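# Working through the structure, step by step
Here are the chains, one letter per residue:
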Amino acid sequence: MYVLLGMSLLFVAIGFILTENNAAQLLSGYNTMAKEDREKVDIKGYIPYFKKFHVFLGVSLFVFGTILIYFVHVDVGWVFVAIYPILAYIYFAITSSKFSKGTNTKKDKVAIFILVGVLLFMVGLILYGFKENRLIFDSEKIEFEGSYGETLTTDQIKSIQLVEELPEISIKASGFALGTVKKGYFKTENGEKIKLILNAANKPYLLVTKTNGQKIYYSAKDDSNEAILNELKQALPDIEYKIYINK
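Let us look at the structure shown here.

What counts and how
Residues numbered from 1 in each chain as written. Predicted model: local features only at pLDDT ≥ 70, side-chain atom pairs only at ≥ 80, totals over all residues. Heavy atoms only, no water. Salt bridge = Lys/Arg side-chain N within 4 Å of Asp/Glu carboxyl O. Helix = DSSP H or I, 4+ residues; strand = E, 2+ residues; numbered from the N terminus. Phe/Tyr/Trp six-rings, centres within 6.5 Å; stacked < 30°, edge-to-face > 60°. Buried < 20%, exposed > 50% of the residue type's maximum accessible area, 1.4 Å probe, protein only. Pairing = 2+ DSSP bridges.

## Here's the deal with the pattern of salt bridges
Here the structure, examined in full by the defined rule, presents 8 salt bridges. A salt bridge links Glu165 to Lys203; the nearest nitrogen and oxygen atoms lie 3.1 Å apart. Taken together, the residues span a long stretch of sequence, with Glu165 in the loop between β4 (157-163) and β5 (169-178) and Lys203 in the loop between β7 (193-198) and β8 (205-210) at a distance of 38 residues. Where Glu192 meets Lys215, a salt bridge forms, and the shortest distance between an N and an O atom there is 3.8 Å. Of this pair, Glu192 sits in the loop between β6 (181-188) and β7 while Lys215 is found in strand β9 (residues 215-219), placing the two residues 23 residues apart along the sequence.

Given below as structure tokens:
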């Protein structure tokens, strides 16, 4: 919620930063125009529209984001938070072009194309990130499929267990993180680097500790992690399965 509130306040603040007095220095495109071209721009009409748009964007992002996160699903909420501002800026780029009176036609089109490209990239990234990384295994190995997945042979596995909570995460080193879905390398508050392959926040989590000490935390999207552990015990009986712990 701090992230959502911070983003919302940032958009609102942007709306108040730009004024007629500083537009010549701060407004991209307008600040590089020749004087005669600036005179063609309806800056008096553009500034109130700019302010109204950003205030509405900030407020609506917080309100609808909060509703979706708490009353629909946290993942739906964060997908909205990631996509909504891009869609809003595409709308803004199209509708605000009327104030330039044709002086920035090419630049406006380029900006719209760039925003559409960013939108498509974000949608693709989210779809790929939300695709489930399944855990498959046989008597010789286990394999984490998908992004940041890997295959471990039995001699690379020190132990497997269930844990109720994840360690406190301080920062994402590399990977994908949106809502409850987290895939990649993360650092804990004590400086340990761990791998998370969480398709959802289903507890308890499956913790695989490798012989080199690296830890992989896994959670299936729909399947029970306890059931997966029981299947692992049957398929790979020689691996050490520790008792259930809280951390």
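## Things to note about the packing of aromatic side chains
Summed over all chains, the structure comprises 15 aromatic pairs. Taking the centre distance of 5.7 Å and the plane angle of 10° together, the rings of Tyr49 and Phe92 count as stacked. Residue Tyr49 is located in helix α4 (residues 43-71), and its partner Phe92 is located in helix α5 (residues 74-95); the two are separated by 43 residues in the primary sequence. We classify Tyr49 as buried; its relative accessible area is 18%. Here Phe92 falls in the buried class, since its relative accessible area comes to 7%. A centroid spacing of 5.7 Å and a plane angle of 55° characterise the contact between Phe144 and Tyr218, whose relative ring orientation is tilted. On the criterion of sequence distance, the pair formed by Phe144 in strand β2 (residues 141-144) and Tyr218 in strand β9 is long-range, its members being 74 residues apart.

## Comments concerning the pairing of β2
Here β2 shows a buried face lined by Ile142 and Phe144 and an unburied face lined by Lys141 and Glu143. Connecting strand β1 (residues 135-137) to the antiparallel partner β2 that follows it, the hairpin turn spans 3 residues. Relative to strand β3 (residues 151-153), β2 runs antiparallel, the two sharing 3 bridges. Each bridged residue has a counterpart across the sheet, and for Glu143 the counterpart in β3 is Thr151. The antiparallel pairing of β2 with β3 creates a hairpin that spans 6 residues between the two strands, and Gly146 there sits at a positive phi of about 80°.

## A short note on the sheet that holds strand β10 (residues 240-241)
An order of β5-β6-β7-β9-β8-β4-β10 is seen for the 7 strands of this open sheet, with the pairing classed as mixed. Two strands lie at the open edges of the sheet, namely β5 and β10, each paired on one side alone. One ladder, built from 2 bridges, connects β4 with β10; its direction is parallel. For Ile160, the partnering residue across the bridge sits in β10 and is Tyr241.

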